[in-house]
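# Residue-level structural notes
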Amino acid sequence: MTQAQLTASTLDEETARAEVYGVLAALYYAAPSPELYENLRIAVTEAPAAGGLLESSWSELVAAARAQSLADVTREHDALFGGVGKPEVYLFGSHYLSGFLNEKPLAALRTDIAALGLTRDESMPETEDHVAYLCEVMRYLIAGDDVEVANLTRQREFFARHVQPWVPLMCETITAHPKARFYATLAAFTQTFISVEAQGFDMLA
């Protein structure tokens, strides 16, 4: 393999990683838009990122999208994560790390996000420890133009501090919930993806 081929392969893998984080952010933040859901239903069932470890869980996610209507998935998202008062399943890191919302893990996260030069979108009502927000930060750290911030070292640090410690537990909670169908397959894919990411970062240590 030539240096040019190696560079192209690396860029393709990084683009795929960023795209996966973007898809996860969209699907956890809200019920999918018609465009996103249709794209998911017609997606190829080969893994969207390099590595066969993702292929099975990605195929199951695409199959779940094809088997359920958008209306069904919208109702499922609302039943699991929405509603008035306490949701069936929390999507916030502080809940899993401390047992309460808006606790010390959120304060630490805000400090680290500020250090990256990022600010919260004021139109977003959720706190920054929502899993969708963290996925968007990871996407930026992979695909952003500022190499002082968007680099592997920052990715590894942010992932180890704010993603790896609790997202797998959230995925287990979703998967075990009796109302979860599409989102159970999304959680299973997320858990596999996080595991692959962790292995990749461990290789850099």
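Summary of the structure given here. The written sequence of each chain sets the order in which its residues are numbered from 1. Where totals are concerned, whole chains, interfaces and linings use all residues; where local detail is concerned, this predicted model gives features only for residues with pLDDT of at least 70, and gives and counts side-chain atom pairs only at 80 or more. To obtain the side-chain values, all non-hydrogen atoms of the structure were included, while hydrogens and water were left out.

## A closer look at the environment of arginine 181
This is how it is decided: Labels follow the DSSP assignment, with helices taken as runs of H or I lasting at least four residues and strands as runs of E lasting at least two, numbered in each case from the N terminus. Should any heavy atoms of two residues lie within 4.5 Å, those residues are considered in contact.
Within the secondary structure, arginine 181 sits in the loop between α9 (167-176) and α10 (182-204). Measuring from C-alpha to C-alpha, the distance between arginine 181 and alanine 65 comes to 9.8 Å, with 116 residues separating the pair along the chain. Aside from chain neighbours lying at most four places away, what touches arginine 181 is Gln68 and Glu76.

## Re helix α6 (residues 104-115)
Since one α-helical turn is 3.6 residues long, residues separated by three or four positions face the same way. The condition that has to hold: By this rule the span expected of a helix is its residue count minus one, scaled by 1.5 Å. Each residue's exposure class comes from its accessible area (1.4 Å probe, protein chains only) as a fraction of the maximum for that residue type: buried when under 20%, exposed when over 50%, partly exposed otherwise. It is the directions from the helix axis to the C-beta atoms whose arc is reported.
In this model, α6 (12 residues) spans 17 Å end to end at C-alpha, consistent with the 16 Å of a helix rising 1.5 Å per residue. For α6, every residue scored as buried is listed here: Leu106, Leu109, Asp112 and Ile113. Down the axis, α6 shows its buried residues gathered within 125° of arc, on one side only. Within α6, the exposed residues directed more than 90 degrees away from the buried face are Lys104, Thr111, Ala114 and Ala115. Its buried side turned inward, α6 meets α5 (93-98), α7 (131-143) and α8 (152-163). Positive backbone phi, at 80°, marks glycine 117, one or two positions downstream of α6.

## Quick word on the packing of helix α2 (residues 34-41) against helix α3 (residues 55-67)
Counted only if it meets this: Note on geometry: axes are lines fitted to C-alpha atoms, helical ones only across the stretch in contact, with angles between N-to-C directions running from 0 to 180 degrees. Orientation categories follow fixed angle ranges, with anything under 35 degrees roughly parallel, anything over 145 roughly antiparallel, 65 to 115 roughly perpendicular, and all other angles oblique. Should the near helix be turned anticlockwise from the far one by less than a right angle, the crossing is left-handed, and should it be turned clockwise, the crossing is right-handed. Classes in brief: Ala, Val, Leu, Ile, Met, Phe, Trp, Tyr, Cys and Pro nonpolar; Asp, Glu, Lys and Arg charged; the others, Gly included, polar.
At their nearest, the axes of α2 and α3 sit 8 Å apart, and the two run at 120° to each other. In terms of axis orientation, α2 runs oblique to α3. Considering the relative orientation of α2 and α3, their crossing is left-handed. Across from Tyr37, Leu40 and Arg41 in α2, the residues of α3 making contact are Trp58, Leu61, Val62, Ala64, Ala65 and Arg66. In terms of residue class, the contact of α2 with α3 is built from 7 nonpolar, no polar and 2 charged.

## Some details on the side chain of histidine 177
What counts is decided by this rule: The definition of a polar contact used here is a pair of N or O atoms within 3.5 Å, where within protein one atom must be able to donate a hydrogen and the other to accept one, and adjacent residues in sequence count solely through side-chain atom pairs.
Turning to its location among the elements, histidine 177 is positioned in the loop between α9 and α10. On the basis of relative accessibility, which here comes to 13%, the residue histidine 177 falls in the buried class. A polar contact is formed between the side chain of histidine 177 and the side chain of glutamate 88, at a distance of 2.8 Å. In this structure the side chain of histidine 177 is engaged in a polar contact, spanning 3.0 Å, whose partner is the backbone nitrogen of lysine 179. If we skip the residues at most four places from it in the chain, histidine 177 touches Leu80, Glu88 and Val89.

## Points about the pattern of salt bridges
Put simply, the rule reads: Whenever a carboxyl oxygen of Asp or Glu lies within 4 Å of a side-chain nitrogen of Lys or Arg, that contact is scored as a salt bridge.
As enumerated under the stated definition, the model contains 7 salt bridges in all. In this structure, glutamate 14 and arginine 17 form a salt bridge, with 2.9 Å as the shortest nitrogen-oxygen distance. A residue pair is termed a helical-turn pair when its members lie 3 or 4 positions apart in one helix, as glutamate 14 and arginine 17 do in helix α1 (residues 3-29) at 3 residues. Like arginine 17, glutamate 14 is buried.

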